[in-house]
Amino acid sequence: MHKEAAIREPLILGHKTYHDITEDVCKPIEDKAPRMWYILFSIALIIGLYGVGCILYLLGTGVGVWGLNKTIGWAWDITNFVWWVGIGHAGTLISAVLLLFRQKWRMAINRSAEAMTIFAVFMAGLFPLIHMGRLWLGYWVLPIPNHFGSLWVNFNSPLLWDVFAISTYLSVSLVFWYIGLIPDFATIRDRAKKPISKKMYSIMSFGWSGRAKHWNRFELVSLVLAGLATPLVFSVHSIVSFDFATSVIPGWHTTIFPPYFVAGAVFSGFAMVQTLLLVMRKAMHLENYIHTKHVEYMNIVIMVTGSIVGTAYITELFVSWYSGVEYESYAFINRATGPYWWAYWAMMTCNVISPQLMWFRPLRRSLLFTFIISIVVNIGMWFERYVIIVTSIHRDYLPSSWSMHYPSHIDLGVYVGTIGLFFVFFLLFARYFPVLALNEVKTILKSSGEYYKNLPDDHHGDHGHASHHVEEVKTEARPVETPTEEAPEETSTDSEGTDENSEEAGNEEETND
């Protein structure tokens with residue numbers, strides 16, 4: 001087992017063993033949920049049910065209950081849709097892209113980020129369905145034969161592009177998330193004492209036994225899915241940006257939208273991961289696995305993507321001036337100085353200025369500061385989508401049709417309700433699923449664990465002198481038997497001392513001959 005340079009901070013703090021990691025991750029699942037979990041779940045459920053009630057009222061009455069008018073046909077519904085899709089981007093990036101780059105720090109946060117992606121895409125998928133007005137006719141977006149004759153979907157419709165983008169993204173993300181859970185489900189299955197729990201986790205683990213063949217296929221499938229999911233990070237939000245970029249409306253008709261939307265999606269997604277992880281690590285006592293180093297790495301990503309978003313804002317302003325099109329120039333002047341100036345400057349402050357504070361290392365490593373900035377960033381990203389959508393259409397070519405948008409209580413209720421439903425799903429996930437990638441975290445224990453990094457070079461990998469590593473000593477300190485003619489030819493596969501054991505065995509075999 002190689003030893004990392006001492007200058008690298010450990011990713012697992014404390015004197016942790018493999019058994020300790022299993023206990024820490026399985027404890028929230030096996031023990032009774034704390035009172036705070038029930039309080040948070042009840043609050044989220046009440047908010048979510050209110051949102052469901054607003055959706056049912058909207059479907060029964062019509063989309064006219066939104067605060068829309070003849071000029072502003074898109075507002076909160078599409079704003080919330082783009083916002084939720086953006087939040088879902090961090091999970092795929094952490095899981096797929098960082099896996100391909102073999103980044104060890106992803107292993108403590110990828111499981112929660114993947115779950116967040118699934119639930120955020122669920123919430124995003126609600127809005128195109130609601131936007132149809134007749135939810136029960138949602139199957140019309142699918143190119144399937146029907147009894148009306150040759151009725152096919154309109155492939156020129158951005159709504160259809162969103163359907164294909166979301167369904168593809170959800171399918172790959174869901175499979176990737178579940179494949180990673182299978183070994184951990186098997187661990188919980190083997191520890192379960194209640195028959196119902198044992199049966200449930202046995203079904204979900206698909207007969208996983210931990211054999212070398214299973215691990216080999218697990219690694220292979222993970223890499224294949226990571227290769228498929230990586231292009232989705234760029235394609236899904238690019239397709240969402242085409243909802244606007246393919247139009248001729250000033251403020252929307254711009255080629256910078258695809259990369260700009262992707263950077264903004266990763267920006268907001270990582271901010272939401274920070275918000276959830278900082279709460280979860282405290283509530284579930286996972287401070288040894290999710291700590292300042294993980295927070296710092298994620299803050300660096302937020303800082304970089306925030307800088308890209310800020311550059312895109314400046315580029316938009318420059319192109320609107322350089323184009324010489326007075327309508328395009330006015331669209332951006334109106335954003336900064338018109339009736340929605342407060343939303344524009346809230347967007348600039350939250351998305352451009354606040355991430356630049358991450359250049360200061362003490363702030364970048366501060367958990368409280370990170371928690372505040374993560375919320376500020378997501379507020380700013382919501383305002384960004386609102387500014388792009390509403391301010392570009394509330395004043396069009398005819399001043400006689402200029403109008404203002406005022407959200408109704410149904411607009412507010414649906415949006416707040418989706419936030420409640422999102423936290424209902426995430427709290428259920430944290431209660432019944434392992435929030436850390438249990439077996440993946442174990443793979444970096446000996447290279448990135450604090451105890452092993454502090455061992456002297458001549459004792460690295462020798463656990464016999466530490467009383468709290470008795471279990472590992474029993475497992476690893478096996479005597480090397482002299483091969484005989486009757487015994488099958490086997491060599492040690494331990495990561496430490498493999499060459500030495502093989503060489504000694506070979507010398508002893510020559511002596512016997």
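All values derive from a computational prediction rather than experimental measurement.

(A) Looking closely at the overall build of the protein. Check the secondary structure of the protein and you find 20 helices and zero strands. The buried share among the 513 residues of the protein stands at 50%. About 25200 Å² of surface is accessible on the protein, with carbon and sulfur atoms providing 66% of the total.

(B) Quick look at the packing of aromatic side chains. According to the stated counting rule, one finds 44 aromatic pairs in the structure shown. Measuring from ring centre to ring centre gives 6.4 Å for Phe119 and Trp177, while their planes differ by 75°; the resulting arrangement is edge-to-face. Of this pair, Phe119 sits in helix α5 (residues 110–131) while Trp177 sits in helix α6 (residues 158–191), and the two are 58 residues apart along the sequence. We note that Phe119, like Trp177, is buried. Judged by centre distance (4.9 Å) and plane angle (70°), the rings of Tyr327 and Tyr397 are edge-to-face. Separated by 70 residues along the polypeptide, Tyr327 in helix α11 (residues 326–337) and Tyr397 in the loop between α14 (367–393) and α15 (409–432) bring together distant segments of the chain. Ring pairing ties together the aromatic residues Trp76, Trp83, Trp84, Tyr340, Trp342, Trp382, Phe383, Tyr386, Tyr415, Phe422 and Phe423, which thus form one cluster. A cation over a ring is seen here: Arg335 above Phe332, with NZ or CZ 4.6 Å from the ring centre. Against the face of Tyr432 rests Arg431, its NZ or CZ located 5.3 Å from the ring centre.

(C) Focus on the environment of Val304. Of note, Val304 is situated in helix α10 (residues 292–322). For Val304, a relative accessible area of 43% puts it in the partly exposed group. For the pair Val304 and Phe267, spaced 37 residues apart in sequence, the C-alpha to C-alpha distance is 8.5 Å.

(D) Spatial organisation of the side chain of Arg431. You can see Arg431 is positioned in helix α15. For the buried Arg431, which has no salt bridge, the nearest side chain bearing the opposite charge is Asp31, at an N-O separation of 8.0 Å. The contacts of Arg431, once residues within four sequence positions are left out, are Pro28, Ile29, Asp31, Lys32, Ala33 and Trp37.

(E) Representation of the packing of helix α8 (residues 212–245) against helix α9 (residues 257–283) in the model. Viewed as axis vectors pointing N to C, α8 and α9 meet at an angle of 125°, and their least axial separation amounts to 8 Å. Comparing their axes, α9 and α8 come out oblique. Here α8 runs over α9; the crossing is right-handed. Of the residues in α9, those in contact with Val233, Phe234, His237, Ser238, Ser241, Phe242, Phe244 and Ala245 of α8 are Phe257, Pro258, Phe261, Val262 and Ala265. For the contact of α8 with α9, the class distribution of residues is ten nonpolar, three polar and no charged.

(F) Quick peek at α9. Taking 1.5 Å per residue, 27 residues should reach 39 Å; α9 reaches 39 Å between its end C-alpha atoms and fits that length. Where burial is concerned, most of α9 is hidden: 23 out of the 27 residues are buried. Where α9 terminates, the next one or two residues include His285, which has phi positive at roughly 55°.

(G) Summary view of the side chain of Thr254. As for its placement among the helices and strands, Thr254 is situated in the loop between α8 and α9. For Thr254, a relative accessible area of 16% translates into the label buried. Side-chain polar atoms of Thr254 contact the backbone nitrogen of Ile256, separated by 3.4 Å.

(H) Geometry of the confidence of the model for the protein. Across the protein, the average pLDDT comes to 81, with 86% of residues at 70 or higher. Low confidence marks residues 461–513, where pLDDT is under 50. Its contacts with residues over four positions away, or in another chain, come to 43 contacts.

(I) Structural context of a nonpolar patch on the surface. A grouping of Met36, Ile39, Leu40, Ile43, Ile47 and Val416 is seen on the molecular surface, where their side chains present a nonpolar patch of about 480 Å² in accessible area. Here the nonpolar patch gets five residues from one element, more than from any other, and that element is helix α2 (residues 35–61). Residue placement: Met36 occurs in helix α2.

(J) Up close: unusual backbone geometry. Notably, Phe206 is not glycine yet its phi reads approximately 55°, a positive angle. Among the secondary structure elements, Phe206 is positioned in the loop between α7 (195–204) and α8. With phi around 55°, His285 is a residue other than glycine that occupies positive phi space. Position of His285 among the secondary structure elements: in the loop between α9 and α10.

(K) Looking closely at the pattern of salt bridges. All chains considered together, the criterion is met by eleven salt bridges. For the salt bridge of Glu23 with Arg191, the shortest nitrogen-to-oxygen distance reads 3.0 Å. In this pair, Glu23 is assigned in helix α1 (residues 18–30) and Arg191 in helix α6, connecting sequence segments 168 residues apart. The partly exposed category is assigned to Glu23, whose relative accessible area is 31%. Close ionic contact of Arg111 with Asp184 constitutes a salt bridge, the shortest N to O distance being 2.9 Å. Taken together, the positions of Arg111 in helix α5 and Asp184 in helix α6 put the pair 73 residues apart, joining distant regions of the chain. Because the salt bridges share partners, they merge into one network encompassing Lys293, Glu296, Arg361, Arg364 and Arg365.

(L) A look at the packing of α10 against α14. Between α10 and α14, the shortest axis-to-axis distance is 12 Å and the interhelical angle comes to 30°. The pairing of α10 with α14 is recorded here as roughly parallel in orientation. Crossing hand, α10 versus α14: left-handed. Here α10 contributes Thr292, Val295, Asn299, Val309 and Tyr313 to the contact with α14, which in turn contributes Leu367, Thr370 and Glu384. A class-by-class count of the residues in the contact of α10 with α14 yields four nonpolar, three polar and one charged.

Reading the values: the criteria
Residues numbered from 1 in each chain as written. Predicted model: local features only at pLDDT ≥ 70, side-chain atom pairs only at ≥ 80, totals over all residues. Heavy atoms only, no water. Helix = DSSP H or I, 4+ residues; strand = E, 2+ residues; numbered from the N terminus. Buried < 20%, exposed > 50% of the residue type's maximum accessible area, 1.4 Å probe, protein only. Areas by Shrake-Rupley, 256 points an atom, 1.4 Å probe, with all protein chains shown as cover. Phe/Tyr/Trp six-rings, centres within 6.5 Å; stacked < 30°, edge-to-face > 60°. Lys NZ or Arg CZ within 6 Å of the ring centre and 35° of its normal. Lys, Arg positive; Asp, Glu negative; His and termini not counted. Salt bridge = Lys/Arg side-chain N within 4 Å of Asp/Glu carboxyl O. Contact = heavy atoms within 4.5 Å. Axes fitted to C-alpha atoms, helices over the stretch in contact; angles between N-to-C directions. Parallel < 35°, antiparallel > 145°, perpendicular 65-115°, else oblique. Left-handed = near helix turned anticlockwise from the far one by under 90°. Nonpolar A, V, L, I, M, F, W, Y, C, P; charged D, E, K, R; others polar. Expected span 1.5 Å × (residues − 1). Polar contact = N/O pair within 3.5 Å; in protein donor to acceptor, adjacent residues only side chain to side chain. pLDDT = per-residue confidence, 0-100. Patch = residues over 30% accessible without salt bridge, like charges linked within 9 Å, V, L, I, M, F, W, Y side chains within 5 Å.

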